[in-house]
There are 2 protein chains.
Amino acid sequence: MQILDCTFRDGGYYTQWDFPDDLAKPYFETMERLPVDIVELGYRSRPQKGYYGQYFYSPVLLLRKVRELAPTKTLAVMLNEKDCSLNELDSLLDPCRGLVDMIRIAVAPVRFSNAIALAEIIREKGFKVGINIMYISSLNENSALFDTLSKGDDVADAISLVDSYGGVSPEQLKLIVSLCKGVTSIPLGFHGHNNLELAMANTLTAIDSGCEIIDATITGMGRGAGNLRTELLLTYLAAKNGLETDFDKLGNIVARFEKLKEDYGWGTNLPYMVSGANSLPQKDVMDWVSKRYYSVNSIVRALQNQKRGEKDN
Amino acid sequence: MQILDCTFRDGGYYTQWDFPDDLAKPYFETMERLPVDIVELGYRSRPQKGYYGQYFYSPVLLLRKVRELAPTKTLAVMLNEKDCSLNELDSLLDPCRGLVDMIRIAVAPVRFSNAIALAEIIREKGFKVGINIMYISSLNENSALFDTLSKGDDVADAISLVDSYGGVSPEQLKLIVSLCKGVTSIPLGFHGHNNLELAMANTLTAIDSGCEIIDATITGMGRGAGNLRTELLLTYLAAKNGLETDFDKLGNIVARFEKLKEDYGWGTNLPYMVSGANSLPQKDVMDWVSKRYYSVNSIVRALQNQKRGEKDN
């Protein structure tokens, strides 16, 4: 089993992918010392309107610094399929060769074939390829995804199941993993969100069901309700499987992110629970929650209306 | 299935069982309006050295006020078996008759027979009796408890399994519930702690396994890493089972406790994860964490030493 830490990539939703060097340096140095296999440090993106920090673009200068701080780790960056066309791949990825080991593509289940087209080119460039399939709590045995999933066999090194809404249950996840295993032999992974405080239970279910790559972030820093906490996974594996973990280093980096959490306040709350329990996107909720002039009540009411298909208020 | 909210009883570990009237009033009024069946409001205790607030003693004047605010709910108070002798029961409980419906006895598995002796007298006084068995993550199929559990059949209305260390896994819980069901027909309950963020998953497992009384607290306020959150359970049951829930009222009371949480900081963290994963008592951790001069690291190190049986530092 491999552990993938994506604190900066998924946590960047809170900081606009800005992380100061005096946090980045100890973070990557700590990753190098912990039993984490893959570090996903950010996105690669073409220039955007509006402000985004350097871990949204991951320029070569940054990648070189990270490579030095974490020389033995597999380094990954992410592309969003919907924001990325085939003819951009050269300019986005050629500068990363030799610095980044793995490219992960985030894709909606209905657009899976677009990810395959990207993956073909990315693999030719010499990168390992991961495909992250989002919104898995909306999948069931009739989902068209399972007819096309085997197309990934020749072009991807891993397919990760992403519980974007934080709404999947252990039973549903077990079913989805088994449906995937029925049609593909590619190593599977799991990326949980914690709306219903089920990220840990789902991760343990994923491991039991044979998932081989587990995503987590320090203090759970990640979009909306956030992720499985890296320190929870490591503590659990240290206690149950004897995984060698340096708790001094882990404790120090956790303490730094806990400080950051005081300002940004990720983690679940009633609005995220409502969005998770009803598999509604947490993008809107995150926007509402971070603007302090919306009350918890008005957010929950808006979500209840969305659920009923009523006009949003 | 019945939902038991014990926010004041278990949350009192943070406030020394002091809750201001301007929080108590809306809390009990909200309980009255939510689909919560039982409200456990505090302990009954003989006078103690040191300061304890009124919900540690639950005097008659307080009980009358609560009864008025939540007239249709089953009201419960808790006794600690180890602090309570048979000859104290008259003075502790006679004044509560007609005001409190249920007495719950918290007891260690090895002292279960003492709880039975208390339960006999309490039931004679006309109360419903619940027995809360603590430390269940230390139980296995050879535990002596399962030889004596059936003694509860004649004197208790419910036996609740308490994951005091927050260290039980869904699989272990399933086993324990089934072992209980093999020897007793009394309705079972579950009280989860959230050290490993498994309180929700364990609760869903408990429900699936036939537990009929589920404990929870608003915002998870409770000893150490805290409990299953009442708002999470209600949101989940509203989405999945159509449980009628007033999200306006729920959101308002959650917002008040979130404010309190900013001061007291319950919830899991690395030291609580270490204590949970290794089934170590969280009493010490809570003491260390709340004294801000201990670093996370020194606490984790102390716990690792406890685990190895080394002298504590």
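Everything below is about the structure printed above this text.
Residues numbered from 1 in each chain as written. Chains lettered and ligands numbered in written order. Predicted model: local features only at pLDDT ≥ 70, side-chain atom pairs only at ≥ 80, totals over all residues. Heavy atoms only, no water.

Peer 1: Help me out: how do you make sense of the sheet that holds strand β4 (residues 102–107) of chain A in this one?
Peer 2: Each strand in a sheet pairs with its neighbour through backbone hydrogen bonds, running either in the same direction (parallel) or in the opposite one (antiparallel). Residue and element names in this part refer to chain A. Spatial ordering of the closed barrel is given by β1-β2-β3-β4-β5-β6-β7-β8, a layout of eight strands whose pairing is parallel. Taking each pair of neighbouring strands and ignoring which way they run, the sheet shows an average axis angle of 25°. Note: strand β2 (residues 38–43) against strand β3 (residues 74–80), five bridges, orientation parallel. When the sheet's bridge partners are listed, Tyr43 is paired in β3 with Met78. (Pairing = 2+ DSSP bridges. Helix = DSSP H or I, 4+ residues; strand = E, 2+ residues; numbered from the N terminus. Axes fitted to C-alpha atoms, helices over the stretch in contact; angles between N-to-C directions.)

Peer 1: It is not clear to me how the relation of the copies chain A and chain B should be interpreted in this structure. Could you clarify?
Peer 2: Overlaying chain A on chain B yields an RMSD of 0.0 Å, the required transformation being a rotation through 180° with an accompanying axial translation of 0.0 Å. Expressed as an axis order, the relation between the two copies is that of a two-fold axis. Interface residue correspondence from chain A to chain B reaches 100%, placing this contact among same-surface, isologous pairings. (Least-squares fit on C-alpha atoms with pLDDT ≥ 70 in both. Contact = heavy atoms within 4.5 Å.)

Peer 1: Hey, could you run me through the pairing of strand β6 (residues 158–162) of chain B in this one?
Peer 2: Residue and element names in this part refer to chain B. Among the five residues that make up β6, five are buried, leaving the element largely enclosed by the rest of the structure. What you see with β6 is no split at all: Ala158, Ser160 and Val162 on one side and Ile159 and Leu161 on the other are buried throughout. Here strand β5 (residues 128–133) runs beside β6; their pairing, made up of four bridges, is parallel. What sits directly across from Ile133, in β6, is Leu161. Pairing geometry for β6 and strand β7 (residues 188–191), over four bridges, is parallel. Note on β7: the bridge partner recorded for Val162 is His191. One crossover worth recording links β6 to the parallel β7 by way of helix α8 (residues 170–183), and it is right-handed. (Buried < 20%, exposed > 50% of the residue type's maximum accessible area, 1.4 Å probe, protein only. Right-handed = clockwise from strand over helix to strand, strands pointing away.)

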